[in-house]
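# Analysis of the macromolecular model
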Amino acid sequence: MNHKPLLILFILMLSLPAMGDNFPIFSDCGPGNSYDGNNAYVVAGAGALGDTILTANAFTSSGDYAVTQIDLGLTWVTGTNGAIVSLWTENGTVPGAELGSWAVFDLPPFGSTSDQVVTISGIIGIELAAGTTYFLVVAPADSSTWDAWNWNITGATGLVDQQIDGVWSVYPGSTLSAFDVLASTGTTPEPSALILLGTGVFAILRRVRNKR
């Protein structure tokens, strides 16, 4: 049997753009999504600690990707059990424009676990550019919320910001919170590529039939 037609088909399939590959473009979580269960940055509402506190971590995209999922080592201390997670562009050393936000609830209690991440999946419509820095920001669910964004255990450091009552403070070279950002190439086959594959399959089938 001549395997050349099958080889041609295989090459044609490999030449098509990737579809929806889900892979991490940033991750400082340890094995099994583990993190520091005892140390964290504060995220709180004014009713919990007297000030509204947001925490932001910066990361840089290694390519042109579409975000599909975000995981965080985020835990709950008291008040309403929840948080608002958002993705922002960079404006100097602080968050600039918001790209998207998601409400999360039922966070694990602070100190109760070191590997139960909060997952935001099914994200669509957020494109990241290669070499560009972005901020992942966590805000309290409401004024009563007191949450903890736990530190990573991999030794990762970078730019961490905290906003207290609307004013950002910048802490470069700090221990990053535990989180990862998953993405896709966001590429689907062009019509011309589908036509190429269809033509190749038809030619192969016709050649095999003629030989028989």
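This next bit is on the overall build of the chain. When you go through the chain residue by residue, the secondary structure sums to three helices and 14 strands. Taking all 212 residues of the chain together, the buried fraction comes to 42%. Long-range pairs, those at least 24 residues apart, make up 81% of the contacts in the chain between residues at least 6 apart in sequence. Taken as a whole, the chain presents about 10,700 Å² of accessible surface, with 57% of it coming from carbon and sulfur.

Moving on: the side chain of T145. With respect to the element layout, T145 can be found in the loop between β10 (133-140) and β11 (146-150). Classification of T145 as buried rests on a relative accessible area of 0%. Those residues in contact with T145, other than ones at most four positions away along the chain, are V43, A44, G45, A48, T78, G79, T80, G82 and P140.

Evaluation of the coordinates by the stated rule reveals seven aromatic pairs. Relative to F179, the ring of F59 lies with its centre 6.1 Å away and its plane at 65°, an arrangement referred to as edge-to-face. Here the residue F59 occupies a position in strand β3 (residues 53-60), and F179 occupies one in strand β14 (residues 179-184), the gap between them amounting to 120 residues. A single burial state applies to F59 and to F179, both of which are buried. Taking 5.9 Å as the distance between ring centres and 55° as the angle between the ring planes, the aromatic pair formed by W149 and F179 counts as tilted. Of this pair, W149 sits in strand β11 while F179 sits in strand β14, and the two are 30 residues apart along the sequence. Judged by its relative accessible area of 0%, W149 is buried.

Reading guide: rules and limits
Residues numbered from 1 in each chain as written. Predicted model: local features only at pLDDT ≥ 70, side-chain atom pairs only at ≥ 80, totals over all residues. Heavy atoms only, no water. Helix = DSSP H or I, 4+ residues; strand = E, 2+ residues; numbered from the N terminus. Buried < 20%, exposed > 50% of the residue type's maximum accessible area, 1.4 Å probe, protein only. Contact = heavy atoms within 4.5 Å. Areas by Shrake-Rupley, 256 points an atom, 1.4 Å probe, with all protein chains shown as cover. Phe/Tyr/Trp six-rings, centres within 6.5 Å; stacked < 30°, edge-to-face > 60°.

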